[in-house]
Amino acid sequence: MGIRLLRLLMAIAVAVPAVLAISAVPSYAAFHLMNIRQVWIGTVDTPGDAQFVELQMRAANQNVVANHELFVFDAAGTLTDTFVFPSNVSNGSDQGYILIATAQAESLFDITADLVITPSLVPTGGKVCFETAVDCFAWGDYTGSPTGVGNPFRPASGLPVGGGAALRDISAGNPSLLEPGDDTNDSAADFDLAASPVPHNNAGDVGSLPSATAPAAPTVTSSTPSSGAISVAFTPGSSGGSAITGFTAQCLSTDGGVARTKSGTSSPLNVTLLSGGKNYHCRVRATNAVGTSPYSAFGATVPVGATAPAAPTVTSSTPSSGAISVAFTPGSSGGSAITGFTAQCLSTDGGVARSKTGPTSPLIVTSLSGGKNYHCRVRATNAVGVSPFSAFGATVMVGATAPAAPTVTSSTPSSGAISVAFTPGSTGGSAITGFTAQCLSTDGGVARTTSGTSSPLNVTLLSGGKNYHCRVRATNAVGTGPFSAFGATVPVP
Ligand SMILES: [Ca+2]
Ligand SMILES: [Ca+2]
């Protein structure tokens, strides 16, 4: 064997293992032992703008990513964006990271991305893939090909804007290492929702969200008045990094109306119970878990529409016989002239209730029950409506009246007479001193009366052979009441 042949054989002996080694490992070996580790979309302030996809190596020397790509698909599985690594990354350590992020995410987390992308992930559903088949992740209402992704992560709700991140669960095998067994190609099974996003880049930096602050002030966009109310529309300012939990609109009058506030979780807020006919301007502030923003600038000054009047105030209740004179002062007109007042007197011990309407104070409420206790209240009316009642005035006893009419219960004739039985009505607050029965003939007999202190009263000297009906009235110290209705008409023998 000559020297030249020996050298050739030696060269072949060296080369063949090298060729075998090359053919046993695919040419993409230096970037494909990689998984999508974390995906995050959006912040509360700029939904969708701050986004990142984090890759993690599960072997050393997977840093030869130049010209390799991140593919973004929509929910239907259609490719919408492609982002290409312009160069390799420098750190090829096993378990090392590669950060693909928008400039907004770089700023938000104060971290440098290894590949900067434009905002392209849609929170409601989609898919991202590193290269055509290295690894893919699908979420939300993704309905494209299930190859490599199985079931989408959080199919009902997608990725939470401003919320936690989709984070690969690496607990299988060694729980602290990303390994092939941590990828089952089912996004729903392979990922969990982490409380907050924590991006890592290839240089070993760890990004963090800035600590939250109170929100910025909202901006009032319109103030729409109606009867006694203003609907305040606004746009929120920055959340301060912590979700806004509520807003408060405050409306202040520029000409003496009452100030009011209204809280709620979204625009618009309808601030009610404002003073009709007064001018108002309104402002809004926002609250999150950290605190409350300053108020916005005031919106436009607008006139609030007229309302029903405010309740009057009872100033005195002066009783007399069967009546109370109710004096009062009006409240606000509500921006529309008051057209009348109604005083209502209610008894606290069983007297009949009465009311009286008129244009001014006082109103004299009559036909009340003498000797009963009453308190009275007043309300006002204008073109818009009726006010609430005022508070009750003092409780006073109504002066006695003449008695109410008795009730005839029977009329029993005898020769030239009728015995009239009856039951008394109200005394009117003063003891009844007597009754008078009166019998009138319906066919020409002579009329007669008889007085006495109790039922029955026997009315005599009537015309025999004539028909009669009888009635009764009562008398007390105040006076004589009205007659009762007539009893039955009966023939006198
Ligand atoms: Ca593992
Ligand atoms: Ca996979």
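In this text the structure is predicted, and so the values were computed from the model without any measurement.

Q: Looking at this model, I keep getting lost on the pairing of strand β3 (residues 69-73). Mind explaining?
A: Here is the key point about a regular strand: its side chains alternate between the two faces of the sheet. As defined by bridge partners, β3 adjoins strand β4 (residues 79-84) across 5 bridges and the pair is classed as antiparallel. Among the inter-strand pairings, leucine 70 is bridged to a residue of β4, identified as phenylalanine 83. The antiparallel hairpin formed by β3 and β4 contains 5 residues in its connecting segment, where glycine 77 sits at a positive phi of about 90°. Bridging between β3 and strand β7 (residues 125-130) involves 4 bridges; their strand directions are antiparallel. The partner of leucine 70 across the bridge, within β7, is phenylalanine 130.

Q: Sorry, what's going on with the domain arrangement of the protein chain here?
A: How big an interface is tends to be reported as the loss of accessible area on association of its parts. Domain annotation of the protein chain identifies domain 1 (34-194), domain 2 (219-303), domain 3 (313-397) and domain 4 (407-491). The distance between the C-alpha centroids of domain 2 and domain 4 comes to 74 Å.

Q: For this particular structure, what's the right way to read the sheet that holds strand β8 (residues 135-140)?
A: Strand pairing in a sheet relies on backbone hydrogen bonds. The paired strands run either parallel or antiparallel. One open sheet holds the 4 strands; their spatial order is β4-β3-β7-β8, and the pairing between them is antiparallel. Two strands bound the open sheet, and with one partner strand each, they are β4 and β8. The sheet shows a mean angle of 15° between the axes of neighbouring strands, taken without regard to direction.

Q: Would you take a moment to explain the nonpolar core for this structure?
A: A general feature of soluble globular proteins is that nonpolar side chains tend to end up buried together. Counting residues in hydrophobic clusters, the biggest one holds 44 residues, and the most contacted among them are Val39, Leu70, Leu99, Ile100, Val128, Phe137 and Ala166. Contacts of valine 39, omitting those with residues within four sequence positions, involve Val53, Val128, Phe137, Leu159, Ala165 and Ala166.

Q: Sorry if this is basic, but what is going on with the sheet that holds strand β28 (residues 448-452) here?
A: Across the sheet, 4 strands lie side by side as β28-β27-β30-β31; this open sheet has antiparallel pairing. Taken across any chain shown, the strands that pair with only one partner, and hence form the sheet edges, are β28 and β31 (490-491). Note: strand β27 (residues 432-441) against strand β30 (residues 467-476), 9 bridges, orientation antiparallel. If you follow glycine 434 over to β30, its bridge partner there is threonine 475.

Q: Would you take a moment to explain unusual backbone geometry for this structure?
A: Glycine aside, residues mostly have negative phi angles, and peptide bonds mostly take the trans form. Residue proline 362 follows serine 361 across a cis peptide bond; omega there is -5°. Considering the arrangement of structural elements, one finds proline 362 in the loop between β21 (354-358) and β22 (363-365). Of note, the bond from serine 455 into proline 456 is cis; its omega dihedral lies within 30 degrees of zero at -5°. Following the sequence through the fold, proline 456 ends up in the loop between β28 and β29 (457-459). The backbone of asparagine 61 shows a phi angle near 65°, a positive value even though the residue is not glycine. As for its placement among the helices and strands, asparagine 61 is situated in the loop between β2 (51-57) and β3. Residue asparagine 61 is classed as partly exposed on the basis of its 14 C-beta neighbours within 10 Å. The phi torsion at asparagine 67 lies on the positive side, around 70°, for a residue other than glycine. Along the chain, asparagine 67 turns up in the loop between β2 and β3.

About the cut-offs
- Residues numbered from 1 in each chain as written.
- Chains lettered and ligands numbered in written order.
- Predicted model: local features only at pLDDT ≥ 70, side-chain atom pairs only at ≥ 80, totals over all residues.
- Pairing = 2+ DSSP bridges.
- Helix = DSSP H or I, 4+ residues; strand = E, 2+ residues; numbered from the N terminus.
- Domains from an automatic or database assignment.
- Axes fitted to C-alpha atoms, helices over the stretch in contact; angles between N-to-C directions.
- Core = buried A, V, L, I, M, F, W, Y, C linked by C-beta atoms within 7 Å.
- Buried ≥ 20, exposed ≤ 12 C-beta atoms within 10 Å, placed from the backbone.
- Contact = placed C-beta atoms within 7 Å.

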